[in-house]
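Chains, contacts and geometry: an overview
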Amino acid sequence: MSRYVIGRIGQAALVLWAAFTVSFILLQALPGDAILIKFLNPELGLGPEQIADIRASYAADSPLWMQYLHTVANFLTGRFGYSIHAGVPVGDLILANLPPTLWLATLGFLLSVVVAVILAALSALSPFSWLRSFIQSIPSLFISTPVFWLGILLIQVFSFQLKLIPVINPGPWQALILPVLTLAVPISAPLAQILMRNIDQVLTEPFVAVARAKGASHRWVLWKHVAKNAVLPTLTIAGILFGELLAGAVVTEAVFGLNGLGGLTQRSVNDQDIAVLQAIVVFSAAAFVLINLTVDLLYPVFDPRLRARQGALA
Amino acid sequence: MTTAINIRPVPADVPKLPLLEISNLAVGYRGSDGFQRVVHEVCLLVRPGEVVALVGESGSGKTTTAQAVIGLLAENGRVEAGAVRLNGTDIAGWSQRQLDTIRGSRISLIPQDPTSSLNPVKTIGAQVAEVLQIHRQGSRAEIDARVIELLTRVGLSQPELRAKQYPHELSGGMRQRVLIAIAIALRPALIIADEPTSALDVTVQKRILDLIDELRREYGTAVLLVTHDLGVAADRANHIVVLKGGRIQEQGPTAEVLAFPRSEYTRKLLADAPSLGKARAVPRIRSPLISGSDDAIAVESLVQDFSIGGNREVFRAVDGVSFTVKRGTTHAIVGESGSGKTTTARSIVGFQKPTSGRILVDGIDVTILRGENLRQFRKTIQLVYQNPFASLDPRQTIFQIVEEPLLNFDPLPREDRAKKVHAILERVGLPQSVLARKPRALSGGQRQRVAIARALVLDPQVLVLDEAVSALDVTVQAQILALLDELQQALGLTYLFISHDLAVVRQISDTVSVLHNGRQVDSGPVEDVFLRPGSSYTRELISAIPGQRGIGQH
C-alpha cells in the first residue's frame, strides 16, 4: 500500500475521532437528559430513590471522562449502547431505519447528478448566449429553494391537485418519488454550477484551441476533451455534498413522514436519547469520511498527473 | 551591404499565386465598454513555401490577426471587414462547421505554450491520432503507424513509448515537438505558428525553429510566424510585417526591413531588441560612490540539495557554485530552466539554508542567520520578481505597496514614510498620480517600476533581479534596463541579475556565471565569456541567440 493511501486513511481515522469527540462533548452539554425525560413522567409514579437507581444503572453520574472512555471503548468494539427511550440496542435501531434513508440518499444523489449533467450539457451546447445565461441561472434558483417548502409544494401539486401519487399508503416506489425529487433539486444546483463553471474554464484552455485547430467540431471538443477535465474537480464537491444529502434527508423524511435515519434523528433529539444521537453522528461521519476517502483514492485512476505524484510519494 | 544581408535566396517561384491573401482585415472584440476594433486594415500575402513573420509587441494585434485566419477568435471577437483568401477562396465569412473541414488539413496551428496546449488526461499518441481521426485518414492500425512515424519525424526518441505517455511526462521542448507533429500530420499548405518558442529555453528554441524550417522545406508548407522577437523573425522569415496598435507599420522582405526600416517604430524596435543590438562596447563607468574593491556578495562552493521521494533520494540543484560580486557592479547568473539559477538566488537572499558552502552578503554570513537577524538582514538585500502582474497585490494601492516594507522595519512617522514613498517613486520615473491607483490600472512596465520602487524603499545594498525584464516587451525592457543602470550609478547598488536571456545579460552585466544542471560551467567578465567561452554549453547558448544570421554578421 502506498504512502498516499496510508496517509489518506490516517486522516480519515482522525476525522472520525474528532467527530466522535466533538459530538460527545456537545451532547453532554445539552441541558436535561433522557433518563429524566423518560422516568420523571408523573404517570410512571417513580420515587426519587428509584430514579437514582436507574441513573446509577446507566452510569449516568460517573465522571465525564470515564463515560467518554467507556463509550470510546464500546464503539471500538462495535457496541453502541442501548436506546434509553426505546430500550433496544442502538445498532438494531440504526439498521432498521437505514434502508429507507439509503434508498432516498442514493436515488437523490443519482438524480441530482443526472439533473446537473443535463443542465451543464444544455448550457454547453446551447447555440445562443441568451439561452446559455438562462440555463446557467437555473441552479441559483434551485439552491435557494428550501427543502421543506419544495416538499410541501410537491405534495400539494402531485398528490392533492393532480392526484398522481396517493398520500395514504403509497407503494414503496411511489412513496420515494417525491422525497427523492425534493432532495435532489437543491443538491443538483451546486453540482451543476461547478460543472458549468469548469466547462467554461476548460473551454478557454489552449489545448481546446489546439483541438479546434485540428478540425474538431464543438461537440467533439466537448465530449473528447472538455468532459473529463471538467468532471475531475467536480468529484471532490460531490463527496462533500454527501454531507448536505444527510442533512437534507432529515428534513425530507420529516416532511414526507418517512421512517428513516432522519426520522430517527428527529425523534432522538426530542427525547434527548444521547446514545442514539451519538451513534448516528458517528455513523454519518463514517459514511461521509468513507465516501470522501473513496473519491480521494479514485482520483489517480482518472487523472494521470496524480498517478505520477502518487508514485513519487510511494 | 544589401547583398551581404541577403541571407536567403528568394524562392525561385515567386510569381506563384498567393496561398493566403489577407486584405483590409478588421477585427474587433465586444467588451464591457462596447465594441472595440483591435485590428485595422491589415493586408498581407503569404506565398506557398514562404515564411511571413508578424512582428509586434503585446497588444499589437498580431495574435488576433493569426486567430482570424484560422477562425479561432475568442468568443467575443468578430471579423468586421475584409477578406481572408485561402487559395483564392474567401474564408472570412465561413461558419465554424465549414472551417472544421479545412482546419488541421489545410491550415494548422503550432500554439504558444506547449505546457497547456496538450490535454493533460489524454496520451500523446491519442492526441496526435485525433487529427487523423477527425479527417478520417485510414484505419486504426494505419493511424497508429502514422502516429509513430510522425513522432519519429519530429525527432522524438522512443516514439512508441512517447505515444503511451501523458503530456506531464514530457519536457516543454518534447511537447512542442508533439504539437508540431500534430500540425504537420496532414501536410497542410499553411501553418500558423503563434509564438511557437517563446515559452522555451533558448537552446530548445533554436532546435524547434530549425525543425519547423526543415519540415517547411521538406513539405513545401508556408508558415505565418507570429512573434514578439525581432531576432527570431530576422533569422527565419522571408518577409516581415510589423504591427503596432493593430495597424501595419511596414512590411517587406526581411533583409530590406532590417537594413532600411522605413517607419520610426521599426527603427525603435530594432534599437531596443537586445538580440539584434551589439554588446555594450564602451566599458561601463562605475558609480563614483563606490570606493575600494570590497565584495558585496561572495559565494563559496554553494551546494543545495533537495530531498525527493520521501527523504530517500536527493536531488542536487546547485553543485559547487562560487563567485564574487564587487560592490556597485552587476553579476549575472545565466542558465536555462532547471539550471539552478533561481535556487542559487534564493539561498543568497536567505530563503533557504544551503546544504554546504558559504554566502557572504555585505560581509554578513547569510547561512548562519536566524530569526530576527535574518529579518533585519532582508533590509540589505531585496528581490524584484519576474512577473510584475503577479508580484503586486491587486487589492493594494501603489502607495500601500511601496510603503509596506517601511512598516516592517524601524517605525517611521507617517509623514516621513509618505515622503520616502514619493521620493522613491520619482526615482523610478513614475508620476505621483499613480499612488492612489491599483496595479491593474498600470502597464507592465509601470508595474515593474513599482516593484523596483518597493525593493528600493528600504535603501538596500543589493538587488536580486529574478528575470525582472523577461516578461516585458522589448521597448519597455530597454527602458527598465536603462532605469536599472541609472539607479546603479546614482545609488551605488549591486545587482544580481538572474536571466535566461544571454543578449540582455551581455547588455547589463559586468560579470557572469553560466550554470548548467547546477554546475557553474563558465564565469568571469561578461565579454571574456562571450568572446572566449570556456565550455561547449556556453558556446551552444551563445549560438542559439536569435537574430545572429541577419545583422550579426556585419
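Looking at the overall build of chain B
From N to C terminus, chain B includes 19 helices and 20 strands. For 554 residues, the compact-globule estimate of 2.2 N^0.38 gives 24 Å, and the C-alpha radius of gyration of chain B, at 25 Å, lies within 12% of that figure. If one aligns the C-alpha atoms of chain B with their principal axes, the spans along those axes are about 70 × 55 × 50 Å. For chain B, with 554 residues in total, the buried portion stands at 47%. Contacts in chain B between residues at least 24 apart in sequence constitute 70% of all its contacts with a sequence separation of at least 6.

Comments concerning the interface of chain A and chain B
At the interface, 23 residues of chain A touch 30 residues of chain B. Secondary structure elements with two or more residues in the side of chain A that touches chain B: α9 (206-213), α10 (218-256) and α13 (304-313) of chain A. Considering each element in turn, the side of chain A that touches chain B owes the most residues, six residues, to α9(A). Counted by class, the side of chain A that touches chain B contains 11 nonpolar, five polar and seven charged residues.

Regarding the sheet that holds strand β5 (residues 89-90) of chain B
All names here are of chain B. Pairing is antiparallel in the open sheet, where four strands are placed in the order β2-β1-β4-β5. Strands with a single pairing partner mark the edges of an open sheet, and in this sheet they are β2 (34-46) and β5. Contacts from helix α1 (residues 62-70) reach β1 (20-31), β2 and β4 (77-86) within the one sheet, and its direction differs from that of β1 by about 110 degrees.

A closer look at helix α13 (residues 398-408) of chain B
Those residues of α13(B) that sit buried are I398(B), I401(B), V402(B) and E403(B). Considering only its buried residues, α13(B) is in contact with α14 (414-427) and α15 (444-456) of chain B.

Some thoughts on the pairing of strand β3 (residues 51-55) of chain B
All names here are of chain B. Counting buried positions over the five residues of β3 gives five, a clear majority of the element. Residues V51, A53 and V55 point to one face of β3 and V52 and L54 to the other, with burial holding for every one of them. Of the strand pairs in this sheet, β3 and strand β9 (residues 239-244) are connected by four bridges, and their pairing is parallel. Directly across from A53, in β9, lies its bridge partner I240.

Details of the domain arrangement of chain A
How big an interface is tends to be stated in terms of the accessible area lost upon association of its parts. All names here are of chain A. Structurally, chain A comprises domain 1 (1-85 + 274-314) and domain 2 (98-272). Put simply, the middle of domain 1 and the middle of domain 2, counted by C-alpha atoms, are 29 Å apart. The interface is formed by 18 residues belonging to domain 1 together with 14 residues belonging to domain 2. Elements supplying a minimum of two residues to the side of domain 1 that touches domain 2: α2 (34-39) and α12 (274-302). The element best represented in the side of domain 1 that touches domain 2 is α12, accounting for 11 residues. Among the residues making up the side of domain 1 that touches domain 2, the classes are represented as 12 nonpolar, four polar and two charged.

Let's talk about the domain arrangement of chain B
Residue and element names in this part refer to chain B. When its domains are assigned, chain B resolves into domain 1 (18-106 + 189-197 + 211-273), domain 2 (112-187) and domain 3 (329-339 + 374-553). Look at where the C-alpha atoms of domain 1 and domain 2 centre, and you get two points 26 Å apart. Taken together, the contacts link 10 residues of domain 1 with 12 residues of domain 2. Sorting the residues of the side of domain 1 that touches domain 2 by element identifies β7 (190-194) and α7 (202-219) as the ones contributing at least two each. Partitioning the side of domain 1 that touches domain 2 into residue classes produces six nonpolar, two polar and two charged.

Considering the nonpolar core
Among the nonpolar cores identified, the biggest contains 143 residues, and V128(B), L224(B) and L225(B) are the most heavily contacted of them. Looking at which element gives the most residues to this core, the answer is helix α8 (residues 172-203) of chain A, with 13 residues. Residues in contact with V128(B), not counting those within four places in the same chain, are V147(B), L150(B), L151(B), V178(B), A181(B), I182(B) and A185(B). L465(B), Y495(B), L515(B) and V526(B) belong to the second largest nonpolar core, which has 66 residues in total.

A word on the environment of G59(B)
Residues and elements named next belong to chain B. Along the chain, G59 turns up in the loop between β3 and α1. Classification of G59 by C-beta neighbours within 10 Å gives partly exposed; the count is 16. A C-alpha to C-alpha distance of 26 Å links G59 and L86, two positions 27 residues apart in sequence.

Let's talk about the packing of helix α5 (residues 90-125) of chain A against helix α11 (residues 261-271) of chain A
Residue and element names in this part refer to chain A. Contact pair α5 / α11: the axes reach a minimum separation of 7 Å and the direction vectors enclose 130 degrees. In terms of axis orientation, α5 runs oblique to α11. Taking contact as the criterion, the partners of L93, I94, N97, L98 and T101 in α5 are, on α11, L261, G262, G263 and L264. Class assignment for the residues of the contact of α5 with α11 results in five nonpolar, four polar and no charged.

Observations concerning the confidence of the model for chain B
All names here are of chain B. Counting all residues, the mean pLDDT for chain B is 86, and 92% of those residues have values of 70 or more. Under a pLDDT of 50 for its full length, residues 1-7 has, in the predicted model, 15 contacts with residues more than four places off or in other chains. Model confidence for the complex is summarised by a pTM of 0.80, with the ipTM given as 0.78.

As for the packing of helix α7 (residues 147-161) of chain A against α8(A)
All names here are of chain A. Where α7 contacts α8, the axes come no closer than 9 Å and their chain directions differ by 140 degrees. Taken together, the axes of α7 and α8 are oblique relative to one another. Crossing hand, α7 versus α8: right-handed. On α8, the residues touching V147, L150, G151, L154, I155 and F158 of α7 are L178, L181, T182, V185 and P186. By residue class, the composition of the contact of α7 with α8 is nine nonpolar, two polar and no charged.

Section: unusual backbone geometry
Residues and elements named next belong to chain B. Phi angles above zero are rare outside glycine, and Q158 is one such case at about 45 degrees. Locating Q158 in the fold gives a position in the loop between α4 (140-153) and α5 (159-164). Residue classification places Q158 among the exposed residues on the basis of 11 C-beta atoms within 10 Å. Although it is not a glycine, D459 sits at a positive phi angle of roughly 55 degrees. With respect to the secondary-structure elements, D459 resides in the loop between α15 and β17 (462-466). Owing to 12 C-beta atoms within 10 Å, D459 belongs among the exposed residues under this scheme.

Digging into the sheet that holds β17(B)
Residue and element names in this part refer to chain B. Reading across the sheet, the six strands line up as β16-β17-β18-β13-β19-β20 and stay open at both edges, with mixed pairing between neighbours. At either margin of the open sheet sits one strand with a lone partner, and together these are β16 (381-384) and β20 (519-525). Pairwise comparison of adjacent strand axes, ignoring direction, gives a mean angle of 15 degrees for this sheet. In this structure, β16 lies alongside β17, joined through four bridges in parallel fashion. What sits directly across from Q382, in β17, is L463.

Notes on the environment of Q11(A)
As for its placement among the helices and strands, Q11(A) is situated in helix α1 (residues 3-29). A tally of 14 C-beta atoms within 10 Å means that Q11(A) is categorised as partly exposed.

The rules behind these values
- Residues numbered from 1 in each chain as written.
- Chains lettered and ligands numbered in written order.
- Predicted model: local features only at pLDDT ≥ 70, side-chain atom pairs only at ≥ 80, totals over all residues.
- Helix = DSSP H or I, 4+ residues; strand = E, 2+ residues; numbered from the N terminus.
- Rg over C-alpha atoms; globule rule 2.2 N^0.38 Å.
- Buried ≥ 20, exposed ≤ 12 C-beta atoms within 10 Å, placed from the backbone.
- Contact = placed C-beta atoms within 7 Å.
- Nonpolar A, V, L, I, M, F, W, Y, C, P; charged D, E, K, R; others polar.
- Pairing = 2+ DSSP bridges.
- Axes fitted to C-alpha atoms, helices over the stretch in contact; angles between N-to-C directions.
- Domains from an automatic or database assignment.
- Core = buried A, V, L, I, M, F, W, Y, C linked by C-beta atoms within 7 Å.
- Parallel < 35°, antiparallel > 145°, perpendicular 65-115°, else oblique.
- pLDDT = per-residue confidence, 0-100.
- Left-handed = near helix turned anticlockwise from the far one by under 90°.

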